[in-house]
Amino acid sequence: MSGIVGYIGKSSAESILLDCLTHLDYRGYDSAGIAISNQEKIEIRKEIGRIEDLKTLLEMEPITGGNIGIGHTRWASHGSPTISNAHPLSDDQSQFYVVHNGIIENYRQLKNELITKGHVFCTDTDTEVIPHLLVQHDTGNFEETVRKVLPLLKGSFALAIMSKHQPDTIIGISQENPLIIGFGQNEAFLSSDISALLSYAKEIYPIKNGEIAILKANEIKVQTIEGETIKPEKRIIEWTEDDFSLQGYEHYMLKEIMEQPKAIKNTLEGRLTENGVNIPELEPFLKESFEYRKIDIVANGTSYHSGMIGKKVMETLLDIPVEVSISSEFRYEHGPLSEKNLVIVISQSGETADTLSALREAKQYGCKTIAITNKRRGNIARKADYTICTNAGPELAVPATKAYTTQITALYLLAIALTEKTKGHGLDRIPEMLKELHQLPEEVEKTLIMTQDAIDQFAQVTEDQYRLFLIGRGLDYVLALEGALKLQEVAYLHADAYAAGEMKHGTMALITPGVPVIALSTQKHLRDKTISNIKEIKARDAFVVGVTTIGDDDVSEIVDEVMYIPEVHPFLMPIIAAIPLQLLAYYAGTVRGYNVDRPRNLAKSLTVE
Ligand code: BG6
């Protein structure tokens, strides 16, 4: 995923583009660049690394003037993060300048054809074919040339393009990748997402597939690819700058961990009744007869882990099998699919290419699809038959935290609705679940207070360590997977999660004296077996930190350190127990001086497969 911006108006383009890019760097931060036109010429400045590095370059090599420009912050997909591969990219005659988010799937074939026509390429990127195609098909009319080239491109992409011949214009394109127009006073903006526009525009228009936006300082036109003019239905931006600010926290990751009580409350808002759930978005679906033979849950990363939690609970309540798949696997390898399959896709960003492709695959087989996402207007929400929005508010730290706990909350609401609809075998468990769902935000608040005080000794499990293990049974095992991922992505630790009962079948060979192990024991019906597994590991002198419910002294007696958390309904324990694991990763990363919001090599969502 990358972030693209454009500006045209009365102010200096450079400062506005840099400010907008700063709000988009969660989308990728391998390199950044801008191209600015001052009517006579178009100048480019690009730098590997983050926006700050580009700013430093611009101080040394300033661009003189210019109130039109485009900018880009990149997560490297094709071509390593070098200056030459950084966007904006141009053709070998410096006629067209392009910034791109997404993937041109047929770029190799296009590149080969262009090379045979004499074009000289200088990057390894897929993007570079675009300016060369524009030169190849240049009619002398910028809009017309773009219209001729667009149908040649296969894949999902958002583009902002400038032309040396028409230096007063920026053209914006959105094909399965978001690009938003921001309407200012005699000025216009383009951005991959709203967060960059908050201080510049109140009205926006997300460009739709097959549309072309033509931006000039005093005129914004939107047309279909055939040239028919469209009147854009402007929307008022519902977010404020506050929603995207740190609000006094040192990092977005900590802010978003601490926001979880409110985020979960917002996920539950309007969907919990005294004795059931009410999910308005699903009303038509729940009115239909339920003839599904199987539920598939499909996602990536942390969203995949929340899907695994959802599976375990759904299978306890419903009478149909639930399978969880990694999106990039599902797209190519899945079981039999038909209109008898209900496919649930989970995506915080609503843009992840793997999950979008898996969703398309499911729809091709006639499956009914439900999206659980934090972006109600994202691509995935637009493509799914139904959407349950997590309403968690913007999550800007690359490591997902409130996304995880609100996704689980949404999955529980869906599980309860389906159990009530199908009179599933777990129907009698719903009242107890509902009672505790009402209390969940408070219990999460209590957990944050409890664990924040205890995190110091808990965090010692990772001090001077580069590897550790997390173990658990049932829901604790699935949560251990998420705890391990957090430690990998935030503190760069080799953290591995194992089913507690599985250690003795091989991995125990890696347990040496002092090796840190986090043992999750929150599932009462599994605790005796988990205690046995902890004893097996302690017998090899591992350093074990137990995460268990208040008062469970059996665990605290056999481990080296214990992290107590409030006891709630066993199904809700993964949300409560996630808190100390999120805080542990946060502290383990910050104590090592890492940028926990922007971990190396990662991006908030990947719009490439
Ligand atoms: C990764 C993010 O790129 O994508 C993870 O770093 C996230 O935090 C994963 O869980 C899936 O993203 P999404 O937006 O589809 O939930």
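An unreviewed UniProt entry annotates the chain as Glutamine--fructose-6-phosphate aminotransferase [isomerizing] of Heyndrickxia shackletonii. According to the UniProt record, the Subunit (unreviewed entry) comment for the chain is "Homodimer." Looking at the chain in UniProt, the text filed under Catalytic activity (unreviewed entry) is "D-fructose 6-phosphate + L-glutamine = D-glucosamine 6-phosphate + L-glutamate".

Caption draft 1: Fine view of the sheet that holds strand 8 (residues 170-175). As summarised here, the arrangement of the seven strands in space is 5-6-7-8-12-13-14, forming an open sheet in which the pairing is antiparallel. Of all strands in the sheet, those bounded by a partner on one side alone are strand 5 (89-90) and strand 14 (229-230). Alignment of strand 13 (residues 219-224) against strand 14, held across two bridges, turns out to be antiparallel. Residue pairing across strands places Gln-223 opposite Thr-229, the latter belonging to strand 14.

Caption draft 2: Examining the pairing of strand 24 (residues 494-499) more closely. Relative to strand 24, strand 23 (residues 467-472) runs parallel, the two being bridged by six bridges. If you follow Gly-472 over to strand 24, its bridge partner there is Ala-499.

Caption draft 3: Structural detail: the packing of helix 8 (residues 260-268) against helix 15 (residues 430-459). For the pair helix 8 and helix 15, interaxial distance at closest approach is 8 Å and the crossing angle is 170°. Regarding the angle of helix 8 to helix 15, the classification is roughly antiparallel. Facing Gln-260, Pro-261, Ile-264, Lys-265 and Leu-268 of helix 8, the residues of helix 15 in contact are Leu-437, Leu-440, Pro-441, Val-444, Glu-445 and Leu-448. Its residues assigned to classes, the contact of helix 8 with helix 15 comprises eight nonpolar, one polar and two charged.

Caption draft 4: Representation of the nonpolar core. Residues Ile-295, Met-314, Ile-344 and Ile-518 are the most contacted members of the largest nonpolar core, which totals 122 residues. The element best represented in this core is helix 19 (residues 573-591), accounting for twelve residues. Sequence-distant contacts of Ile-295, defined by excluding residues within four places in its chain, comprise Met-314, Leu-318, Ile-320, Pro-321, Val-322, Glu-323, Leu-342, Ile-344 and Leu-418. With 24 residues, the next largest nonpolar core counts Leu-133, Val-135, Leu-150 and Ile-214 among its residues.

Caption draft 5: Empty space enclosed by the protein, seen in detail. Applying the stated criterion to the full structure yields three cavities of 30 Å³ or more. Approximately 100 Å³ is the volume found for the largest cavity. Lining the largest cavity are 15 residues; nearest its centre among them are Ser-2, Trp-75, Ser-77, His-100 and Gly-102. With three residues, strand 6 (residues 96-104) is the single largest residue contributor to the lining of the largest cavity. Among the residues forming the lining of the largest cavity, the class breakdown is three nonpolar, ten polar and two charged.

Caption draft 6: The pairing of strand 2 (residues 31-37), seen in detail. Counting buried residues in strand 2 gives seven out of seven residues, a clear majority hidden from the surface. Where burial is concerned, the two faces of strand 2 agree: the one with Ser-31, Gly-33, Ala-35 and Ser-37 and the one with Ala-32, Ile-34 and Ile-36 are both buried. Bridge count between strand 2 and strand 3 (residues 42-48): seven bridges; the pairing is antiparallel. Among the inter-strand pairings, Ala-35 is bridged to a residue of strand 3, identified as Ile-44. What sits between the antiparallel neighbours strand 2 and strand 3 is a turn of four residues, in which Gln-39 has the positive phi angle 75°. Two strands pair when backbone bridges link them, and strand 2 and strand 4 (residues 68-74) are joined in this way by seven bridges, in the antiparallel orientation. Bridging from a neighbouring strand, Ser-31 pairs with Arg-74 of strand 4.

Caption draft 7: Expanded view of the site of the ligand. Lining the immediate environment of the ligand, one finds 14 residues, of which Ser-303, Ser-347, Gln-348, Ser-349 and Thr-352 sit closest. Contacts to the ligand include Ser-349, whose side-chain N or O atom sits 2.7 Å from an oxygen atom. Here the ligand loses 91% of its free accessible area of 390 Å² to cover by the protein chains. Here the ligand is seated within the second largest pocket. Broken down by element, the residue count for the shell around the ligand peaks at three residues, all from helix 10 (residues 301-317). Taken together, the residues of the shell around the ligand break down into four nonpolar, nine polar and one charged.

Caption draft 8: Just the packing of aromatic side chains, in detail. Applying the stated criterion across every chain yields a total of eleven aromatic pairs. Ring geometry for Phe-96 versus Phe-142: centroids 6.0 Å apart, planes at 35°, classification tilted. Here the residue Phe-96 occupies a position in strand 6, and Phe-142 occupies one in helix 5 (residues 142-149), the gap between them amounting to 46 residues. Overall, Phe-96 belongs to the buried group, its relative accessible area being 1%. Aromatic rings pair up to connect Phe-285, Phe-290, Tyr-292 and Tyr-386 into one cluster. Over the face of the ring belonging to Tyr-29 we find Arg-50, whose NZ or CZ atom lies 5.7 Å from the ring centre. Here the guanidinium or amino end of Arg-600 rests over the ring plane of Tyr-492, the centre of that ring lying 3.7 Å away.

Calculation notes
- Along each chain, residues carry numbers from 1 onward, in the same order as the chain's sequence is written.
- In view of the model being predicted, local features appear only for residues whose pLDDT reaches at least 70, and side-chain atom pairs are presented and counted only at 80 or more, with totals across whole chains, interfaces and linings using the full set of residues.
- The basis for every side-chain value is the complete set of non-hydrogen atoms in the structure, without hydrogens or water.
- UniProt positions are given in the numbering used here, feature names are shortened, and annotations may be inferred rather than shown by experiment.
- The rule for pairing is simple: two strands pair if DSSP sees at least two bridges between them.
- Helical segments are the DSSP runs of H or I of at least four residues, strand segments are the runs of E of at least two, and each set is numbered from the N terminus.
- Note on geometry: axes are lines fitted to C-alpha atoms, helical ones only across the stretch in contact, with angles between N-to-C directions running from 0 to 180 degrees.
- An angle below 35 degrees is read as roughly parallel, one above 145 as roughly antiparallel, one from 65 to 115 as roughly perpendicular, and any other as oblique.
- What makes two residues a contact is simply this: any of their non-hydrogen atoms within 4.5 Å.
- Any residue that is not Ala, Val, Leu, Ile, Met, Phe, Trp, Tyr, Cys, Pro, Asp, Glu, Lys or Arg is counted as polar, Gly included; the first ten are nonpolar and the last four charged.
- Among buried residues, those of type Ala, Val, Leu, Ile, Met, Phe, Trp, Tyr and Cys that are joined through side-chain atoms within 4.5 Å constitute a nonpolar core.
- Buried, partly exposed and exposed residues are distinguished by accessible area as a fraction of the type maximum, computed with a 1.4 Å probe on protein chains only: under 20%, between the cut-offs, and over 50%, respectively.
- Each cavity reported here is a set of points on a 1 Å grid over the protein atoms alone in which a 1.4 Å probe fits but cannot get out, each pocket an open set with protein on both sides within 12 Å along at least five of seven lines, and each lining residue one with an atom within 4 Å of a point.
- Grid points are joined across faces, edges and corners, and a volume is the space filled by probe spheres set on the points.
- Put simply, a residue is near a molecule or strand once any heavy atom of it comes within 4 Å of that molecule or strand.
- Side-chain atoms alone can form a polar contact between residues adjacent in sequence; in general such a contact is a pair of N or O atoms within 3.5 Å, and within protein one must be able to donate a hydrogen while the other accepts it.
- Per-residue accessibility takes into account occlusion by the displayed protein chains alone, with areas from the Shrake-Rupley method and a 1.4 Å probe.
- A cavity or pocket is said to hold a molecule if more than half of that molecule's atoms lie within 2 Å of its grid points.
- Pairing of aromatic rings covers Phe, Tyr and the six-membered ring of Trp, with a centre-to-centre limit of 6.5 Å; geometry is then stacked below 30 degrees between planes, edge-to-face above 60, and tilted otherwise.
- Placement of a positive charge over a ring is assigned whenever Lys NZ or Arg CZ falls within 6 Å of the ring centre and within 35 degrees of the normal to the ring plane.

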